[in-house]
Amino acid sequence: MNPSLQEPRFKKIGVALVIAWGHVIVGQRQPGQSFAGLAEFPGGKVESGEDFAAAACRECLEETGLAVTAERLLDAWQSTRVGDDGIEEIFRIEFWLCQPVSPSADLRESSLLTSSLAGAFHWVPIAELAQLKFPSANTKIIELLIKNVIDNEEPHLESSSIDD
Ligand SMILES: Nc1nc2c([nH]c(=O)n2[C@H]2C[C@H](O)[C@@H](COP(=O)(O)OP(=O)(O)OP(=O)(O)O)O2)c(=O)[nH]1
């Protein structure tokens, strides 16, 4: 079949923004992964039967050991390209504000954590995010976080969409 007539392929990524006392959980992409060495928020591919928010929460638990619930969509980034086989590929990332399931008096101690990958994730002051290099898809969400840094336990971010 003519590739241009085939259904596009979707790659969907759910990302968790876990924010407390002016800090956000940030990791570093590992050798062998795409964007190796860059900073990232917990997240990964949306699996069958999940939506973006569920994927963000599951990945956060797997990667950091911290159970969270998704509150609201903060930003989305999407790009489209044509793959080597001629089929259109749509890559979409959704950034979800997430809250720990069990708010703890001292998340700093208890959080990071129990998984083997936990070493890669830390609480980073939002004010320091500008010093880190993230994938370009994160540019807008980083800007939004930094703008809202003042005394915001939960930043009052406006939802934005890929159509902005
Ligand atoms: N987890 C996470 N991924 C991000 C962020 N920003 C960003 O562009 N990404 C991209 C990197 C990856 O292409 C994809 C996350 O998928 P993944 O963590 O399952 O990546 P992966 O290395 O296993 O897969 P791949 O991209 O190598 O195929 O989203 C972010 O802040 N957090």
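Computed from a predicted structure; not experimentally measured. (Residues numbered from 1 in each chain as written. Predicted model: local features only at pLDDT ≥ 70, side-chain atom pairs only at ≥ 80, totals over all residues. Heavy atoms only, no water.)

Q: Would you explain the environment of Ala70 in this entry?
A: With respect to the secondary-structure elements, Ala70 resides in strand 5 (residues 68–82). A residue is classified by how much of its surface remains accessible, and Ala70, at 29% relative accessible area, is partly exposed. Residues Ala70 and Val18 lie 52 residues apart in sequence; the distance between their C-alpha atoms is 9.3 Å. If we skip the residues at most four places from it in the chain, Ala70 touches Ala53, Cys57, Trp96, Leu97 and Cys98. (Helix = DSSP H or I, 4+ residues; strand = E, 2+ residues; numbered from the N terminus. Buried < 20%, exposed > 50% of the residue type's maximum accessible area, 1.4 Å probe, protein only. Contact = heavy atoms within 4.5 Å.)

Q: Explain the pattern of salt bridges to me, please; I cannot follow it from the model alone.
A: For side chains of opposite charge, pairing can occur when their charged atoms come near one another. Evaluation of the coordinates by the stated rule reveals nine salt bridges. The shortest N-O distance in the salt bridge between Glu47 and Arg58 comes to 3.8 Å. Separated by 11 residues along the polypeptide, Glu47 in the loop between strand 4 (43–45) and helix 1 (52–64) and Arg58 in helix 1 bring together distant segments of the chain. Judged by relative accessible area, Arg58 falls into the buried class, the value being 17%. Of the charged contacts in the structure, one is a salt bridge between Glu59 and Arg58, with a shortest N-O distance of 3.2 Å. The exposure class assigned to Glu59 is buried, which follows from its relative accessible area of 10%. It is possible to trace a salt-bridge network through shared partners that takes in Glu47, Glu50, Arg58, Glu59 and Glu62. (Salt bridge = Lys/Arg side-chain N within 4 Å of Asp/Glu carboxyl O.)

Q: Where do I start with the pairing of strand 6 (residues 88–100) in this structure?
A: Sheet faces and side chains relate simply in a regular strand, where the side chains alternate between the two faces. Summarising burial for strand 6: 10 of the 13 residues are buried, a large majority. Bridge analysis of strand 1 (residues 9–20) against strand 6 gives 10 bridges, and the strand direction is parallel. By the bridge assignment for strand 6, Lys12 is matched with Arg92. In this structure, strand 5 lies alongside strand 6, joined through 13 bridges in antiparallel fashion. Bridged to Gln78 within strand 6 is Arg92. The loop that links strand 5 with its antiparallel partner strand 6 comprises five residues; one of these, Gly86, has a positive phi angle of about 85°. (Pairing = 2+ DSSP bridges.)

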